[in-house]
Amino acid sequence: MPYEPPPELATLSLAQIAELVESRKLPPLDSWSPADQGDSEMRIATDGRWFHQGGEIRRPAMVRAFASLLTRDPEGQHWLVTPVQKLSIAVEDAALIAVDVRQDGDALVFRLNTDDLVIAGPDHPIHVRGDADNPAIYLGVRHGTEARLNRSTWAQLAEIALAGDGTSVSSQGLSFPLLPA
């Protein structure tokens, strides 16, 4: 079955976005406890590119498939999980990249480099690391994984903040500061 990317974020209503998010059938990683563990020999670079045994994975469908199996444990280790195997994966920064954001009422909707749509809020918080000179903004995605905002998405979020109090954004009733603590 060929993959059809979702329409441009700017053309979707919040209800349409919520419907697309709900319709995405992700694997039940939380219910899988495979005994077999190993190393995937995979790496996700800071810029969001995926590699296996040193070669770049260039097929977007493969990246999307692997990303749907990705989890991060409390110690920060990323894993690819299937019903029978749990394989470590090296992640240089964040596993995913937020490539677009849109405000719709009291919701901030992000598109990831995997074409996933994520609505910031209690289950998907925004947080900042770094310092005032080099802030890095991240979005919680699922199973402990995060997406780092790319430069243009960071600038879009800054414009949204400037339209408000200038230092934070809100989504689904929560306020998220955009300056490092």
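Scroll up to find the structure this text is about.
For every chain, the first residue of the written sequence is number 1, and numbering continues from 1 onward in sequence order. Local features in this predicted model are restricted to residues of pLDDT 70 or higher, and side-chain atom pairs are both shown and tallied only at a pLDDT of 80 or more, whereas totals for entire chains, interfaces and linings draw on every residue. Computation of side-chain values covers all heavy atoms of the structure but excludes hydrogens and water.

Visitor: Explanation requested: the sheet that holds strand β1 (residues 36-44) in the structure shown.
Guide: Strands in a sheet are paired, the pairing made by backbone hydrogen bonds, and the direction either parallel or antiparallel. Strand order in this open sheet of six strands is β3-β2-β1-β6-β5-β4, and the pairing throughout is mixed. The open sheet has two edge strands, β3 (55-56) and β4 (70-72), and neither has a second partner. Here six bridges tie β1 to strand β6 (residues 85-91), and the two strands are oriented parallel to one another. Across the sheet, Asp36 pairs through a bridge with Gln85, a residue of β6. The contact definition used throughout considers only heavy atoms, calling two residues in contact when any of these lie within 4.5 Å. Comment: axis = line fitted to C-alpha atoms, over the contacting stretch for helices; angle = value between 0 and 180 degrees taken between N-to-C directions. Secondary structure elements follow DSSP: runs of H or I of four or more residues count as helices, runs of E of two or more count as strands, with numbering from the N terminus. Strands in contact with helix α2 (residues 60-67) are β1, β2 (50-52), β4 and β5 (78-81); relative to β2, the strand with the most contacts, it is inclined by about 90 degrees. We call two strands paired when DSSP finds no fewer than two bridges between them.

Visitor: I would appreciate a short explanation of the pattern of salt bridges in the present structure.
Guide: Side chains bearing opposite charge may pair, as long as their charged atoms lie close to each other. Here, a salt bridge means any side-chain nitrogen of Lys or Arg that lies within 4 Å of a carboxyl oxygen of Asp or Glu. Evaluation of the coordinates by the stated rule reveals ten salt bridges. We note a salt bridge from Asp47 to Arg49, for which the minimum N-O separation is 2.8 Å. Here Asp104 and Arg102 are joined by a salt bridge, their closest N and O atoms 3.3 Å apart. Put simply, Asp47, Arg49, Glu56 and Arg58 are held in one network by salt bridges that share partners.

Visitor: Where do I start with the pairing of strand β10 (residues 126-130) in this structure?
Guide: Taken residue by residue, a regular strand's side chains alternate between the two faces of the sheet. Of the strand pairs in this sheet, β10 and strand β11 (residues 135-140) are connected by five bridges, and their pairing is antiparallel. Residue Gly130 lies in a different strand from β11, and its bridge partner there is Pro135. Counted along the chain from β10 to the antiparallel partner β11, the turn is four residues long.

Visitor: What is the right way to look at the packing of aromatic side chains in this model?
Guide: Any pair of Phe, Tyr and Trp rings, taking the six-membered ring for Trp, is counted once the centres come within 6.5 Å. Such a pair is stacked with planes under 30 degrees apart, edge-to-face with planes over 60 apart, and tilted for the rest. In total, this model carries one aromatic pair according to the counting rule given. Two thresholds decide whether a charge sits over a ring: the Lys NZ or Arg CZ must be within 6 Å of the ring centre and within 35 degrees of the ring normal. Positioned above the aromatic ring of Trp79, the side-chain terminus of Lys86 is 4.7 Å from the ring centre.

Visitor: Before we go on, may I ask you to explain the sheet that holds strand β7 (residues 96-104) in this structure?
Guide: If you trace the six strands from one edge of the open sheet to the other, you get β9-β8-β7-β12-β11-β10, paired in mixed fashion. Two strands lie at the open edges of the sheet, namely β9 (117-119) and β10, each paired on one side alone. The mean inter-strand angle of the sheet, taken between neighbouring strand axes irrespective of direction, is 40 degrees. Examined bridge by bridge, β7 and strand β8 (residues 107-112) share six bridges and lie antiparallel to one another. From the neighbouring strand, Asp100 faces β8, where its bridge partner is Arg111.

Visitor: What is the right way to read unusual backbone geometry from this model?
Guide: Note: most residues except glycine have negative phi, and most peptide bonds are trans. A positive phi angle, near 70 degrees, is found at Asp115, a position not held by glycine. Looking at the secondary structure, you find Asp115 in the loop between β8 and β9. A positive phi angle is found at Gln172, which is not glycine, with a value near 50 degrees. Topologically, Gln172 is positioned in the loop between β13 (168-171) and β14 (174-177). What makes Gln172 partly exposed here is its relative accessible area of 43%. Relative accessibility decides the category of a residue: with a 1.4 Å probe and only protein chains considered, values under 20% of the type maximum give buried, values over 50% give exposed, and everything between is partly exposed.

Visitor: Would you mind showing me how to read the environment of Lys86 here?
Guide: Mapped onto the secondary structure, Lys86 falls in strand β6. In the structure, Lys86 is positioned 15 residues away from Thr71 in sequence and 9.8 Å away in space, judged by C-alpha atoms.

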